[in-house]
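Descriptive analysis of the structure
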Amino acid sequence: MSPNTDNTSSVAANVCILIVHNNPSAQQKISDCLLPLGYSQLTIVDSAKKALRFLRSQHVDIILVDVDTPDLDGWRLSRLVRCGILNCRSDLPIVIMASTWCERIAEVTAREYGINYLLPLNQLDQLPPIVQKLAQETKYEPPKPRLLVVEDSLDTSDLIQRVLSAAFDIEVAADGAEGLQIWKEKRHDLVLLDVMLPTLSGRDILIEIQATDPNQPVVIMTAHTTIDQAEELMLLGAVDFLPKPFRAEQLRKVCDIAIHREDYLVSNAQFAARVKSLEERETEFRNLYESHHQLLDDLQSVVMELDENLKICFLNRTWETLMGYSIEDSIGRSIEDFTAAEDAPQFAIFREKITAAIYEKKSSAEIELCLRDINQQQIWTQLKISRSTKSEQFSTLTVCLDNITERRASQAQLKYLAMHDSLTGLHNRHHFELTLEQLSADSMRSQRQHGLVYLDLDHFKVINDTFGHQKGDEVLREMSGLLSRGVQAPDILCRLGGDEFAVLLRDVNAQAAQDFAREIQKIIGDFSFQFQEQRINLGCSIGVTMIDGSAHTAEEHFMRADIALYVAKGRGRNLIHLYDAQDNESDELRMRINISQKIRKAISEDRMVLYFQPIYDVNKDKISYYEALVRLREPNGTIVGPAEFIPALEAAGEMHLLDRWIIKLATRTLKEYPELNHIAINLSAQAFKDETLVPTILESLKNTGVNPNRITFELTESASLFNLHITQRVIAELHKLGCSFSVDDFGSGFSSFAYLKDLPADYIKLDGSFIQNLHKDTIDRALVKAMIQVIQALGKKAVAEYVENQEILDILKAMGIDFVQGYHIGHPVPVEKVLQKKSIR
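Below is a short write-up of the structure. Here the structure is a predicted model, which is why all the values come from computation and not from measurement.

1. So, the nonpolar core
Soluble globular proteins tend to pack their nonpolar side chains together in the buried interior. Formed by 74 residues in total, the largest nonpolar core has its most connected members in Met608, Phe645, Leu658, Phe713, Val784, Leu812 and Val820. Top contributing element to this core by residue count: helix α23 (residues 655–672), with eight residues. Apart from residues lying up to four places away in sequence, phenylalanine 645 is in contact with Ile595, Ile599, Met608, Val630, Arg631, Leu632, Val640 and Leu658. By size, the runner-up hydrophobic cluster in this structure holds 30 residues, among which are Val475, Leu505, Ile524 and Phe527.

2. Considering the environment of leucine 455
In this fold, leucine 455 is placed in strand β16 (residues 450–457). A residue is classified by how much of its surface remains accessible, and leucine 455, at 0% relative accessible area, is buried. In the structure, leucine 455 is positioned 87 residues away from isoleucine 542 in sequence and 4.3 Å away in space, judged by C-alpha atoms. The residues contacting leucine 455, other than those within four sequence positions of it, are Asp499, Glu500, Phe501, Ile520, Ile524, Ser541, Ile542 and Leu565.

3. Considering the sheet that holds strand β6 (residues 146–150)
With parallel pairing, the five strands of this open sheet are ordered in space as β7-β6-β8-β9-β10. Pairing within the sheet leaves two strands with one partner each, and these edge strands are β7 (169–173) and β10 (240–243). In this sheet, neighbouring strand axes are inclined to one another by 20 degrees on average, regardless of whether the strands run parallel or antiparallel. Pairing of strand β9 (residues 218–222) with β10 involves four bridges; the strand directions are parallel. Note that in β10 the partner of methionine 221 across the bridge is leucine 242. Each of β6, β7, β8 (190–194) and β9 is contacted by helix α7 (residues 154–164), which is oriented at about 175 degrees to β7, the strand it contacts most.

4. So, the sheet that holds strand β2 (residues 42–45)
Spatially, the five strands line up as an open sheet ordered β2-β1-β3-β4-β5, and their pairing is parallel. At either margin of the open sheet sits one strand with a lone partner, and together these are β2 and β5 (117–120). With direction set aside, neighbouring strand axes in the sheet form an average angle of 20 degrees. Pairing of strand β3 (residues 62–66) with strand β4 (residues 94–98) involves four bridges; the strand directions are parallel. Each residue of the ladder has a partner; that of isoleucine 63, found in β4, is isoleucine 94. Here helix α6 (residues 127–136) sits on the sheet in contact with β1 (17–20), β3, β4 and β5, set at roughly 165 degrees to β5.

5. What about helix α19 (residues 510–526)?
The terminal C-alpha atoms of α19 lie 24 Å apart, and with 17 residues this matches the ideal 24 Å at 1.5 Å per residue to within 8%. Every buried residue of α19 is accounted for by Ala513, Phe516, Ala517, Ile520, Gln521 and Ile524. Around the axis of α19, the buried residues are gathered within 145 degrees of arc, so they sit on the same side. Exposed residues lying more than 90 degrees from the buried face of α19 are Lys522 and Asp526. The elements touched by buried residues of α19 are β16, α18 (469–485), β18 (500–505), β21 (540–547) and β22 (576–578). For α19, the N-terminal cap is asparagine 509; the gap from its side-chain oxygen to the backbone nitrogen of glutamine 511 is 3.2 Å.

6. So, a nonpolar patch on the surface
Side chains of Leu414, Tyr416 and Leu417 sit close together on the surface and give an oily, nonpolar patch of about 300 Å² of accessible area. By secondary structure assignment, the location of leucine 417 is in helix α15 (residues 405–419).

7. So, the packing of helix α9 (residues 202–212) against helix α10 (residues 227–236)
Running from amino to carboxyl end, α9 crosses α10 at an angle of 20 degrees, the nearest separation of the two axes being 9 Å. Accordingly, the angle class assigned to the pair α9 and α10 is roughly parallel. Contacts between α9 and α10 involve Arg203, Leu206, Ile207 and Gln210 from the first element and Glu232, Leu233 and Leu236 from the second. Here the residues of the contact of α9 with α10 are counted per class, giving four nonpolar, one polar and two charged.

8. Brief notes about the pairing of β6
β6 sits mainly inside the fold: four of its five residues count as buried. As judged from the five bridges shared by β6 and β7, these two strands associate in the parallel manner. Among the inter-strand pairings, valine 150 is bridged to a residue of β7, identified as alanine 173. Regarding topology, α7 serves as the crossover connection from β6 to the parallel β7, and that connection is right-handed. One ladder, built from four bridges, connects β6 with β8; its direction is parallel. Residue pairing for β8: leucine 147 is matched across the bridge by leucine 190.

The rules behind the values
Residues numbered from 1 in each chain as written. Predicted model: local features only at pLDDT ≥ 70, side-chain atom pairs only at ≥ 80, totals over all residues. Heavy atoms only, no water. Core = buried A, V, L, I, M, F, W, Y, C linked by side-chain atoms within 4.5 Å. Buried < 20%, exposed > 50% of the residue type's maximum accessible area, 1.4 Å probe, protein only. Helix = DSSP H or I, 4+ residues; strand = E, 2+ residues; numbered from the N terminus. Contact = heavy atoms within 4.5 Å. Pairing = 2+ DSSP bridges. Axes fitted to C-alpha atoms, helices over the stretch in contact; angles between N-to-C directions. Expected span 1.5 Å × (residues − 1). Arc of directions from axis to C-beta. Polar contact = N/O pair within 3.5 Å; in protein donor to acceptor, adjacent residues only side chain to side chain. Patch = residues over 30% accessible without salt bridge, like charges linked within 9 Å, V, L, I, M, F, W, Y side chains within 5 Å. Areas by Shrake-Rupley, 256 points an atom, 1.4 Å probe, with all protein chains shown as cover. Salt bridge = Lys/Arg side-chain N within 4 Å of Asp/Glu carboxyl O. Parallel < 35°, antiparallel > 145°, perpendicular 65-115°, else oblique. Nonpolar A, V, L, I, M, F, W, Y, C, P; charged D, E, K, R; others polar. Right-handed = clockwise from strand over helix to strand, strands pointing away.

Any link to function would need more than the numbers given here.
Rendered as structure tokens:
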């Protein structure tokens, strides 16, 4: 505790406070405000008579008195103190408190009665600082109104000061300009203004004052008064007129009226506002009362009141529409009468929640309850229950009841859809994963074995591509029906997506699981369908694994089934294979899966990094831009090249993940390093098949604010020509964004020259196999020269990679190459080192 706090507490402990109030609740509130702050000497009385008796015999420092004390109101009690006839200080600090008041009238009355402070009961938070201030004051001097006298006659101003100094705090100005300046600085409560003044006339001062503050009371003094002049000055804003010479009593009366004029006007405005507000509230409440009755009957919800025995006390008309029972027949009956016998457990929960609301004083509760209407039809309802009390004793429960029958049906449908495949009606992947987790946990807990049969229809893509997806969906539905008949509860059949199915077998051994797989294989083998004049037969590959507790997670069991299926496909399809950790194929697939998981984790941990290799502009003799090359940074800091993970990602069909991440990483790098003026980003062969490619690029550009013309996207020639139509469309979209495009490894594919004119590329990068032996092989030189000429003839830029020495660079310069790249130009380096490299001269 600080020294100041100690001092304040010690002062408070010595202050004797007399509280005069006949309301126990108000007494408690006042005590609660003061006691925590150390004001321990509190004397509370409930009448003025007791207060007067206390004041005769006891020392008091402060009086807190209610304005409406029954036997003697607070005003008159205050006058007794102030007149000095009591055995206490006449300047004893007094605070009057009131529950209702008109602010201005109360303020004026307090001023007249010598009250230190007025305080509404709803603002008791202001009481502690008021008491603290009063306790520190040695003598109370009621504030006087401030009077400005603007008068050039010394005799007149002296007279005014002698007559009014007891009632006013007076300030005198001898000329007009001085008087106006003083008023502007201090804004007095009243201005006595002579008309004839040096430097600035009283009329001009009055006009200036009224323009600034129209509510400022100004009394005009003049020795030469005409009716027209008086009328003009009053119209300009003067509140009264005092002709010279004047008597002392006349001066006092005019000033008293003038100083109270504002009080009268404000009080009248406040009273009128209160009256208007009360009238508006009365009208509002009357309309509200009438509309509420109509509103209750118009509600879609049933509103009811229940007593402590759950008997209905009130209902609105919606009950009749919902249930078919009349309100008259329902009032007085228990809500339980409207539930069916089979819903008793649900009603028991309802009763329990209501009991809690009643006896544990919970403010509200919600429950769903099934009612039966007059025709005994089920109606599911949601009841929102709130406890209504007028005292501590139980009163009623207010219940808002809504018909949720349709919502319950929708929830049941959504629950079904969440666990079932929309095409076939079989359990879906989500249900499969949940059940697999349960069986995996059971096998570890109880040592029971379960089986997982994972199957894939062989070459089903051919059916979709040949006969259309509609026919493919029809085949899947028929196949699902046949498979369902071959699976008995408690085993479950699931469609995982596409043409992949899985069956979870409970409590079986490996032999039984394989026997079941053969039955499934036979069902599929016997199935055929007619399309036009063709009859099509199907086969399937099946992977089987045992859920036997040997794997720690459900995901690992599924991976084993996936590996077994992969082995079955790899050994010729239409085969069944039981998972065996020793299979060579298993190692290969596991490696792919592991690498995919490794890359996913590296992406989530931001450990995929970009290195940048410079591309040199031969004609401008400087580095033009950089190619961004992806690397994996291991947790220990080791950098892994793309050859270690990209082939596995491509084989696993996961390259789209890396493509998207490289785009985000590259644009982020461009934002962070504006000195990196331009980069080329490599895209995989799968990128242009990804419909989210262009939206991903657009989003990255938007998020970073990078100018699209700082980016060139590269795709290999073979990938570009795989689907020329898609490539052309995507390149057009990239050009529309402002990005440029480059064909990589040109010359490595077939018919390159024939297709070159159809590719709207900006750069053509010659395949490195033609460049690396350029200084040794005349055929390579001839081919490269021809390719450069064709590329430039088509208006594109030729780029040569694998430039490993100065001799190759000189040959390419002589051939007119546009750009070169290779270790002789610069190695790939992290972005931090890029800007440290110098241009080749």
